[in-house]
Amino acid sequence: MSAMRAANTRICSRFAKPLVVPAPSARPKLLKPLAPRVGVLESLSIDEDGEITWDVVLPNTEDTDRISWPSESVLDGYQLRPGQVPAAAPTSTLPTRPDSLKRSNKPVVLVRDTNAWCPFCERVWLALEEKAVPYDCVLIELYNKPEWYKELVPTSLVPAVSFSEDGAVVWESKDILLALEERFPHANPLLPTDEEEKQKALEFLVELEACGIDKTGYAFMTGGRMIGRSAGSAFDQPPPDMAELEAAFVKSLEWFEGSALSRHEGPYLLGAEFSMLDIMMISSLERIGAGLPKFRNFNIRSNPAYPNTAAWFAALAERPAYQKVSSDDQTLQLLFQRMMGLTPGAAAAATRTSAAAAAAAAAAAFAKTQAEVAAAAASEKELQAAKNEAYDALQASAGDVVRDILAKSGVTRYQASPYGATTLSVNGHKPRVALPVREAVEKQVVRVMKALLLGSAGPKPDTSIAAAFGSVAAAFLRNRHQDCGQLGELSPAAAEQLCVACTQALTQSYADGVEALVFTPPEQGSAAAAASAEAAAKIKANKEAIVDDILQKSGIARRGRRSGSTYVSINGNKSQVSPAVRNAVTFHLDRLTTLLLTGSAGPRVTEPEAAAVGAAALAFFRNRASAPRDMSAAATVQFRAACDAVLADIY
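Residues numbered from 1 in each chain as written. Predicted model: local features only at pLDDT ≥ 70, side-chain atom pairs only at ≥ 80, totals over all residues. Heavy atoms only, no water.

## Brief notes about the overall build of the protein chain
Here comes step 1: Summing up its helical and strand segments, the protein chain has 23 helices and 16 strands in all.
Here comes step 2: Considering the protein chain as a whole, with its 651 residues, one finds that 52% of them fall into the buried category.
Here comes step 3: Restricting to contacts in the protein chain with at least 6 residues of sequence separation, those with at least 24 account for 71%.
Here comes step 4: About 28,900 Å² of surface is accessible on the protein chain, with carbon and sulfur atoms providing 54% of the total. (Helix = DSSP H or I, 4+ residues; strand = E, 2+ residues; numbered from the N terminus. Buried < 20%, exposed > 50% of the residue type's maximum accessible area, 1.4 Å probe, protein only. Contact = heavy atoms within 4.5 Å. Areas by Shrake-Rupley, 256 points an atom, 1.4 Å probe, with all protein chains shown as cover.)

## A word on the pairing of strand β9 (residues 108-113)
Here comes step 1: The buried fraction of β9 amounts to six of the six residues, a majority that puts the element mostly inside the structure.
Here comes step 2: In this fold, the crossover linking β9 to strand β10 (residues 135-140) by way of helix α3 (residues 119-131) has right-handed handedness.
Here comes step 3: One ladder, built from four bridges, connects β9 with strand β11 (residues 160-163); its direction is antiparallel. Paired with valine 109 across the two strands is serine 162, which belongs to β11. (Right-handed = clockwise from strand over helix to strand, strands pointing away. Pairing = 2+ DSSP bridges.)

## Brief notes about the pattern of salt bridges
Here comes step 1: Enumeration over the complete set of coordinates arrives at 27 salt bridges.
Here comes step 2: One salt bridge in this structure joins glutamate 129 and lysine 324, with 3.5 Å as the shortest N-O distance. Note that glutamate 129 is positioned in helix α3 and lysine 324 in helix α11 (residues 320-325), a separation of 195 residues in sequence.
Here comes step 3: On the basis of relative accessible area, glutamate 129 is assigned to the partly exposed category, the value being 22%.
Here comes step 4: With a relative accessible area of 17%, lysine 324 lands in the buried category.
Here comes step 5: Arginine 438 is paired through a salt bridge with glutamate 442; the nearest N and O atoms lie 4.0 Å apart. Taken as a pair, arginine 438 and glutamate 442 lie in helix α16 (residues 435-454) at a separation of four residues, close to a single helical turn.
Here comes step 6: When its relative accessible area of 30% is taken as the criterion, arginine 438 is described as partly exposed. (Salt bridge = Lys/Arg side-chain N within 4 Å of Asp/Glu carboxyl O.)

## Things to note about the confidence of the model for the protein chain
Here comes step 1: Looking at the protein chain as a whole, the pLDDT averages 82, with 76% of positions reaching at least 70.
Here comes step 2: Predicted confidence in the protein chain is weakest over strand β2 (residues 18-20), with a mean pLDDT of 30, and strongest over helix α5 (residues 173-183), with 98.
Here comes step 3: Every residue in residues 70-74 scores below 50 in pLDDT, and together they form twelve contacts with partners more than four places removed in sequence or on other chains.
Here comes step 4: In the model, residues 346-368 has pLDDT below 50 throughout and makes 26 contacts with residues more than four positions away in sequence or in other chains. (pLDDT = per-residue confidence, 0-100.)

## Here we look at the packing of aromatic side chains
Here comes step 1: Throughout the structure, instances matching the rule amount to eleven aromatic pairs.
Here comes step 2: Between phenylalanine 256 and tryptophan 312 the ring centres are 5.3 Å apart and the planes differ by 75°, which places this aromatic pair in the edge-to-face class. Of this pair, phenylalanine 256 sits in helix α8 (residues 242-260) while tryptophan 312 sits in helix α10 (residues 307-317); the two residues are 56 residues apart in sequence, bridging distant segments of the chain.
Here comes step 3: With a centroid separation of 5.0 Å and 90° between ring planes, the pair formed by phenylalanine 476 and tyrosine 651 is classed as edge-to-face. Of this pair, phenylalanine 476 sits in helix α17 (residues 464-480) while tyrosine 651 sits in the segment after α23 (633-647); the two residues are 175 residues apart in sequence, bridging distant segments of the chain. Pair check on accessibility: phenylalanine 476 and tyrosine 651 agree, each one buried.
Here comes step 4: An aromatic cluster of three or more residues is present, and its members are Phe220, Phe249 and Phe298.
Here comes step 5: One cation-aromatic arrangement involves arginine 112 over tryptophan 125; the distance from NZ or CZ to the ring centre is 4.2 Å.
Here comes step 6: A cation over an aromatic ring shows up here: arginine 263 above the ring of phenylalanine 204, its NZ or CZ 4.2 Å from the ring centre. (Phe/Tyr/Trp six-rings, centres within 6.5 Å; stacked < 30°, edge-to-face > 60°. Lys NZ or Arg CZ within 6 Å of the ring centre and 35° of its normal.)

## Focus on the packing of helix α15 (residues 398-408) against α17
Helix-helix packing is described using two parameters, namely the angle between the two axes and the distance between the axes.
Here comes step 1: Between α15 and α17, the least distance of the axes is 10 Å, while the angle of their chain directions is 100°. Looking at the two axes, α15 sits roughly perpendicular to α17. Taking contact as the criterion, the partners of Val401, Asp404, Ile405 and Lys408 in α15 are, on α17, Ala473, Phe476 and Leu477.
Here comes step 2: Considering only residue class, the contact of α15 with α17 consists of five nonpolar, no polar and two charged. (Axes fitted to C-alpha atoms, helices over the stretch in contact; angles between N-to-C directions. Parallel < 35°, antiparallel > 145°, perpendicular 65-115°, else oblique. Nonpolar A, V, L, I, M, F, W, Y, C, P; charged D, E, K, R; others polar.)

## Focus: the packing of α15 against α16
Here comes step 1: In contact at an axis separation of 10 Å, α15 and α16 are set at 125° when each is read in the N-to-C sense. As the angle between them shows, α15 and α16 are arranged oblique. Note on packing geometry: the crossing formed by α15 with α16 is right-handed. Residues Ala398, Val401, Val402, Ile405 and Leu406 of α15 form the contact with α16, whose participating residues are Val437, Arg438, Val441, Glu442, Val445 and Met449. (Left-handed = near helix turned anticlockwise from the far one by under 90°.)

## Some remarks on the state of the cysteines
Here comes step 1: One pass over the structure, following the stated rule, counts zero disulfides.
Here comes step 2: Free cysteine cysteine 118: the closest other cysteine sulfur is in cysteine 121, separated by 3.6 Å.
Here comes step 3: When its relative accessible area of 1% is taken as the criterion, cysteine 121 is described as buried. (Disulfide = S-S within 2.5 Å.)

## What to know about unusual backbone geometry
Here comes step 1: The peptide bond linking valine 158 to proline 159 adopts the cis configuration, its omega dihedral lying at 10°.
Here comes step 2: For proline 159, the position within the fold is in the loop between α4 (147-152) and β11.
Here comes step 3: At serine 156, a position not held by glycine, the phi torsion is positive, near 65°.
Here comes step 4: Position of serine 156 relative to the elements: it lies in the loop between α4 and β11.

## Observations concerning α10
Here comes step 1: Those residues of α10 not exposed but buried are Thr309, Ala310, Trp312, Phe313, Ala315 and Leu316.
Here comes step 2: Buried-residue contacts for α10 involve α8, α9 (276-295) and α11.

## A few points about helix α7 (residues 213-222)
Here comes step 1: Judged by how many residues are buried, α7 sits mostly within the fold: eight of ten residues are covered.
Here comes step 2: Buried residues of α7: Ile213, Thr216, Gly217, Tyr218, Ala219, Phe220, Met221 and Thr222, and no others.
Here comes step 3: Buried residues belonging to α7 abut α3, α6 (195-211), α8, α9 and α12 (329-340).
Here comes step 4: Just beyond α7, the residue with positive phi is glycine 223, at close to 70°.

## Side note on the sheet that holds strand β8 (residues 93-94)
Hydrogen bonds between backbone groups are what pair the strands of a sheet, and the pairing can be parallel or antiparallel.
Here comes step 1: Read from one edge to the other, the open sheet built from five strands follows the order β8-β10-β9-β11-β12, with strand pairing classed as mixed. At either margin of the open sheet sits one strand with a lone partner, and together these are β8 and β12 (169-171).
Here comes step 2: Pairing of β8 with β10, which is carried by two bridges, proceeds in the parallel orientation. Within β10, the residue paired with threonine 93 across the bridge is cysteine 137.
Here comes step 3: The strands that α3 touches are β9, β10 and β11; relative to β9, the one it contacts most, it runs at about 145°.

## Here's the deal with the pairing of β10
Here comes step 1: A large share of β10 lies buried, amounting to six of its six residues.
Here comes step 2: Neither face of β10 is exposed, since Tyr135, Cys137 and Leu139 on one face and Asp136, Val138 and Ile140 on the opposite face are all buried.
Here comes step 3: Inspection of the sheet shows β9 paired to β10 by six bridges, in the parallel sense. Paired with leucine 110 across the strands is cysteine 137, a residue of β10.

Next up, the structure:
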């Protein structure tokens, strides 16, 4: 057995193939159970000033506590948009119509993308926030641009702005920024007011654009791919020389670090003053900084080899305007995976360093006392022993574990179940669990074993139906492992590592390489409270669309005989998703919203079938790149962390 461990090769179960994958990674964080329940959310509303109000029914009573929070900074200007895409927005918006450009009573109308993913739109949005120029937005879907916009803007690209004073329309982000400075020179200027210094800054901007750090960074991150290219072009070309792509990016990064950021005293490109130059660079480097650690094991935001770059990122992260417009890492990573087919690197947290930084780290390690080294080795040994114990127990009783998951988690449903049958009877024989359902559970148990043995659960399930049932298996095994096989006899340390492995497999059921997040309970007046309130309001505003999206794309709603059907026909009408399934999805979205606003998700559902639907729904929802629909980065992080917290408390 030890020899097999040394070779990192195991037969995970009687239904699995041998596993040959890299060595285990370091200890991940274990999600904590939710806090004691304090009440059940009954209603939520948001007024035109951004004040959120909700009712909470207190436990064991019929009393209702009505709670309201004053508008936090992140909710200033927040707007509900019923019947539009998206159904809510963090800034004042107008309908997506050509006359909206003339209806605004504000000096600027910004036309940008609905999801706030476009880096060029972010440049203009950030400039408007920094300059505090009043503006309205018109939101355009990138892949469904209206004809009137194509006629208005020759390039058909976003962003564009319309100036109310004379109706002039300007496109191309750099041209827009220059126009904003020309028209609003005294509103928090983003270029030096002295003409000579202004000219020097613009010349410096030309140098920054010429260095090509955005182009080389995207090329290195994507392997030469570009968003929007068809499969017959870039995707079918011979694989690029990654060493050349990396070398080109490093050359650009070293110029940015050593020449651009060292030219003036201070964290910004012009020294102590934030400027248009920072705006022009950050939107692309934000995306590159999110993607490189995940896909190329290269960290630029906190890399000791590039201290000036790290200080620049840190200074920008403190600016309220940037906090409002920036995206969070997981949303960007999911977007890159979905649109460019990127896959996470083998060690996503790794950081590449220069020779000097590596030497410094080696010297620091050498300076450790023998006691510290021994303590670290002992801790690692204990951790590995706990993982091995959990792995051995799971391997030994894998068949029993699968049977217990099938019997107790709510995935096995007979013909009369309102949640849709997953059992089939062939030629009058005794009903059996549909083969795709059993296989999905078996494969998820194997993924948990991979996570224990090798530190990675491996690729996500290959179909949405497999992901849905796999999510249920991982959630049940995490929450109720003591009811599965012989796993109730695990030591506390081994049980903890089993939970960690289940969490990884569950979080990565619909997307590879994402990591579970820790939810920060909202306390009135805190940044977490504001972010939670924004996320809750966004979910409320999009609730119907979210439920439909989950049912249509998660694998929960199924037709056909192989895996059972969740569709029913009532009174001879057209078949539709079973009301019980839809209600279970809605119930768990309500638990999610309640947690975001109160710090407690409220009571669990009592039926295991409904819990199974909820597990698949939230596992899918937390990994939808488009799920946040224009949330701020802080709200998106709270949203995904809240999904993870409810998933940890679902059974």
